[in-house]
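Results of the structural survey
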Amino acid sequence: VQLVESGGGWVQPGGSLRLSCAASGRTLSRYTMAWFRQAPGEERKFLAGITWTGKTTYFADSVNSRFAISRDDAKNTVYLQMNSLKPEDTAVYYCALPNERYASVDREYRNYYYWGQGTLVTVSS
C-alpha cells in the first residue's frame, strides 16, 4: 500500500491550499481516512477524518470551519481543502489509512497503519 500526498507549498496568511492523497495497492472505498500534521518539535496531530461511507467528517478544533475533508473513491483519493490559513498551520501534512476496513475515525496517530511521505505546507508573508 502506498499513499502519496501532494498539493503542499507556500501560501500567504489567509490563503488556501488543497492537498491530495492518492492511494495505490488498496481500494479505499471501505476504509476510513484521516489527515494529520506535524510541526517541528511537536507530536503528530489529528486534523480531519472521514468515514468509509464519506457521510461523516471529524475535525480538530484548531481547523474546524476552515478545513474540509472529502474523498473520491473512483479516484482512490482523499482531499483536504484548507482555507483561511494561518502561520500556525505551517507543518508537514500526512494522510493516514488504518489497517482494518470499516474502522471508526481515530484521533490517535498510533492507530493508523499506513502513512504517506508527507507534504510541507508553509504559511507566511
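In what follows, the structure referred to is the one given above.
Model, not experiment: these values are computed from the prediction.

**Quick word on the state of the cysteines**
Inspection of the entire model under this criterion finds 1 disulfide. Through a disulfide, Cys21 is tied to Cys95; the S-S separation comes to 2.0 Å. In this structure the cystine formed by Cys21 and Cys95 twists about its S-S bond by roughly 60°; its chirality is therefore right-handed. In this pair, Cys21 sits in strand E3 (residues 17-24) while Cys95 sits in strand E9 (residues 91-97), placing the two residues 74 residues apart along the sequence. Residue Cys21 shares its accessibility class with Cys95, and that shared class is buried.

**Side note on the packing of aromatic side chains**
Counted by the stated rule, this structure contains 7 aromatic pairs. In this structure, Arg18 is placed above the aromatic ring of Tyr79, and the distance from its NZ or CZ to the ring centre is 4.2 Å. The side chain of Arg44 reaches across the aromatic face of Trp115, ending 4.6 Å from its centre.

**Let's talk about the pairing of strand E1 (residues 2-6)**
Judged by which residues are buried, E1 turns out to be one-sided: Leu3 and Glu5 face inward and are buried, whereas Gln2, Val4 and Ser6, on the alternate face, are not. Here E1 runs beside E3; their pairing, made up of 5 bridges, is antiparallel. Bridging from a neighbouring strand, Glu5 pairs with Cys21 of E3.

The rules behind these values
Residues numbered from 1 in each chain as written. Predicted model: local features only at pLDDT ≥ 70, side-chain atom pairs only at ≥ 80, totals over all residues. Heavy atoms only, no water. Disulfide = S-S within 2.5 Å. Helix = DSSP H or I, 4+ residues; strand = E, 2+ residues; numbered from the N terminus. Buried < 20%, exposed > 50% of the residue type's maximum accessible area, 1.4 Å probe, protein only. Phe/Tyr/Trp six-rings, centres within 6.5 Å; stacked < 30°, edge-to-face > 60°. Lys NZ or Arg CZ within 6 Å of the ring centre and 35° of its normal. Pairing = 2+ DSSP bridges.

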